[in-house]
Amino acid sequence: MWENYGEKYKSFGGWYISGEISRQTKGAIDAFHALGKQCKDVSGGLPTFISPWIDGKKAIMGTDQGVNADAVSVQQHEKEWNEIFDGIHDVVDACAFQDGHIDYDELDAFFEVNKKLADRYGMQCWTNAESFDRDMPINFLPIKFDKLRMKLEAAKRAGYDKAITFEFSHFMSPQSAYLQAGHLYNRYREYFGI
């Protein structure tokens, strides 16, 4: 990757370490540290980021119904991610937690913990605002703008550095096969005065 793209293009500005975790999984710290170090070493220190998920009530398989009976508490999430960040902060610069696995009334509590931990370890804290709806019986449709707005506003209240989305091309692009995606994009543009 670095030989083909990184050295040739100024637009190659950093690395996304694509492994997704939510909890203190055995070996995760070592794996993320090794990948982050390799990315930094090969590129002369370009920034790296990860996008984990929160093991909340909605963290179920797409085919399952109901809620995650083993959903993580805010306190346990804080304990586990304190350990993870402690082990990776020297080679991972930013963390963009996926926001779709927790309920809307839990956003502020989890987001505040994520920001506090990121600040403690000198990392940037972003949100990965899922632009699809986990609350519908059909998996997955573009999210209503009011729900997306709630998530973005919670991230802003927590003082997050940036927001990214998963997955623009399917759930928010005017070129998506979903008609609703273009409408979501229009509401987003209206909200931000674009």
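Above this text sits the structure in question.
Reading the values: the criteria
- Residues numbered from 1 in each chain as written.
- Predicted model: local features only at pLDDT ≥ 70, side-chain atom pairs only at ≥ 80, totals over all residues.
- Heavy atoms only, no water.
- Disulfide = S-S within 2.5 Å.
- Buried < 20%, exposed > 50% of the residue type's maximum accessible area, 1.4 Å probe, protein only.
- Helix = DSSP H or I, 4+ residues; strand = E, 2+ residues; numbered from the N terminus.
- Polar contact = N/O pair within 3.5 Å; in protein donor to acceptor, adjacent residues only side chain to side chain.
- Contact = heavy atoms within 4.5 Å.
- Core = buried A, V, L, I, M, F, W, Y, C linked by side-chain atoms within 4.5 Å.
- Axes fitted to C-alpha atoms, helices over the stretch in contact; angles between N-to-C directions.
- Left-handed = near helix turned anticlockwise from the far one by under 90°.
- Nonpolar A, V, L, I, M, F, W, Y, C, P; charged D, E, K, R; others polar.
- Pairing = 2+ DSSP bridges.
- Right-handed = clockwise from strand over helix to strand, strands pointing away.
- Salt bridge = Lys/Arg side-chain N within 4 Å of Asp/Glu carboxyl O.

(A) Just the state of the cysteines, in detail. Applying the stated criterion across every chain yields a total of zero disulfides. We note that Cys-95 lacks a disulfide partner, and the nearest cysteine sulfur, in Cys-125, lies 6.5 Å from it. Exposure remark for Cys-125: the relative accessible area of 1% places this residue in the buried category.

(B) View of the side chain of Gln-98. Along the chain, the position of Gln-98 falls in strand β3 (residues 94-98). On the basis of relative accessible area, Gln-98 is assigned to the buried category, the value being 7%. At a separation of 3.3 Å, a polar atom in the side chain of Gln-98 contacts the side chain of Glu-20. Those residues in contact with Gln-98 that lie beyond four places of it in its chain are Glu-20, Ser-51, Pro-52, Trp-53, Ile-54, Asn-128 and Glu-130.

(C) Spatial organisation of the nonpolar core. Grouped together as the largest cluster of nonpolar side chains are 29 residues, with contacts concentrated most on Ile-50, Trp-81, Phe-85 and Phe-111. Those elements that place two or more of their residues in this core are α2 (28-43), α3 (74-88), β3, α4 (107-120) and α5 (145-158). For this core, the element with the most residues is α4, which contributes six residues. Among residues more than four places away in sequence, those in contact with Ile-50 are Tyr-16, Ile-17, Phe-32, Trp-81, Ile-88, Val-92, Ala-94, Cys-95 and Ala-96. In this structure, Ala-129, Ile-143, Leu-148 and Met-172 belong to the second largest nonpolar core, which totals seven residues.

(D) Up close: the packing of α2 against α3. Between α2 and α3, whose axes approach to 9 Å, the crossing angle comes to 35°. In this structure, α2 crosses over α3, and the sense of that crossing is right-handed. Along its contact with α2, which presents Ile-29, Phe-32 and His-33, the element α3 presents Glu-83, Ile-84, Gly-87 and Ile-88. Here the residues of the contact of α2 with α3 sort into four nonpolar, two polar and one charged.

(E) Quick peek at the pairing of β3. In terms of burial, β3 is a largely internal element, five of the five residues being buried. Along β3, one buried face is formed by Ala-94, Ala-96 and Gln-98 and the opposite face, lined by Cys-95 and Phe-97, is buried too. Of the strand pairs in this sheet, β3 and strand β4 (residues 124-130) are connected by five bridges, and their pairing is parallel. Bridged to Gln-98 within β4 is Asn-128. One crossover worth recording links β3 to the parallel β4 by way of α4, and it is right-handed.

(F) Structural detail: the pattern of salt bridges. Taken as a whole and assessed by the stated rule, the structure comprises 20 salt bridges. The partner of Asp-103 in a salt bridge is Lys-57, and the shortest N-O contact between them spans 3.7 Å. Taken together, the residues Asp-103 in the loop between β3 and α4 and Lys-57 in the loop between β2 (48-50) and α3 connect sequence positions 46 residues apart. For Asp-103, a relative accessible area of 25% gives the class partly exposed. The class for Lys-57 is partly exposed, based on a relative accessible area of 33%. One network of salt bridges, in which partners are shared, links Lys-57, Lys-58, Asp-103, Glu-106, Asp-133, Asp-135 and Lys-147.

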